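Close look at the chain arrangement
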Amino acid sequence: MAQEKANLTLLLLKLLDEKDRYGYEIIETLAQRSDDTFCLKAGTLYPLLHGMEKDGFVTAYTQQEKGRTRKYYHITEEGRQQLLQQTAYWNSYAKAVSKVLRGGVSCAGV
């Protein structure tokens, strides 16, 4: 479960690195870009965002738009650093998984 949370945090940080977004926009964009692989419910998204806010990765602000008040999330510099670290880790992890699935490479000296 902890790894799933970390993976979702990575994806959310990536979306917020592109631009500030409100909750429903995050849910829709994530579902669309993942061909509905990641279909988050509000009950999953908002605790993640609140945790990211507590960790200093995002800040939140409200804005009036078309007669409604929306809460937008903005990535912080600390969030950008976290995005870079998690992206590097993910790329390394995905490369290792791919090697295993293709039959791996020999570990000399083992």
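In this report, the structure presented in the accompanying data block is examined. (Residues numbered from 1 in each chain as written. Predicted model: local features only at pLDDT ≥ 70, side-chain atom pairs only at ≥ 80, totals over all residues. Heavy atoms only, no water.)

Describing the environment of Leu16
The line we're drawing: Here a strand is any run of E in DSSP of at least two residues, a helix any run of H or I of at least four, and the numbering for each starts at the N terminus. A 1.4 Å probe rolled over the protein chains alone gives each residue an accessible area, and that area as a share of the maximum for its type sets the label: buried under 20%, exposed over 50%, partly exposed in between. Residues are treated as being in contact if the distance between any of their heavy atoms lies within 4.5 Å.
Within the element layout of this structure, Leu16 appears in helix H1 (residues 2–18). Residue Leu16 is classed as buried on the basis of its relative accessible area, which comes to 1%. Sequence separation of Leu16 and Pro47 is 31 residues, and the distance between their C-alpha atoms is 16 Å. Apart from residues lying up to four places away in sequence, Leu16 is in contact with Arg21, Ile26, Leu49, Met52, Val58, Tyr73 and Ile75.

Side note on the side chain of Thr29
Our working definition: Polar contact is defined as a pair of N or O atoms within 3.5 Å, subject to the rule that within protein one atom must be able to donate a hydrogen and the other to accept it, and that residues adjacent in sequence are counted only when both atoms are side-chain atoms.
Note that Thr29 resides in helix H2 (residues 23–33). Classification of Thr29 as buried rests on a relative accessible area of 11%. At a separation of 3.4 Å, a polar atom in the side chain of Thr29 contacts the side chain of Arg21. Apart from the residues lying within four places of it in its own chain, the contact partners of Thr29 are Leu15 and Arg21.

Digging into the pattern of salt bridges
Our working rule: One speaks of a salt bridge when a side-chain nitrogen belonging to Lys or Arg is within 4 Å of a carboxyl oxygen belonging to Asp or Glu.
The tally for this structure, following the rule as stated, stands at six salt bridges. As a salt-bridge pair, Glu18 and Arg33 come within 2.8 Å of each other at their nearest N and O atoms. Placement of Glu18 in helix H1 and of Arg33 in helix H2 is noted, with a sequence separation of 15 residues between them. Classification of Glu18 by relative accessible area gives partly exposed; the value is 36%. Taking the shortest distance from any N to any O, the salt bridge between Arg21 and Glu25 comes out at 3.6 Å. Each member of the pair Arg21 and Glu25 is classed as buried. Here the residues in one salt-bridge network are Glu18, Lys19, Arg21, Glu25 and Arg33, joined through shared partners.

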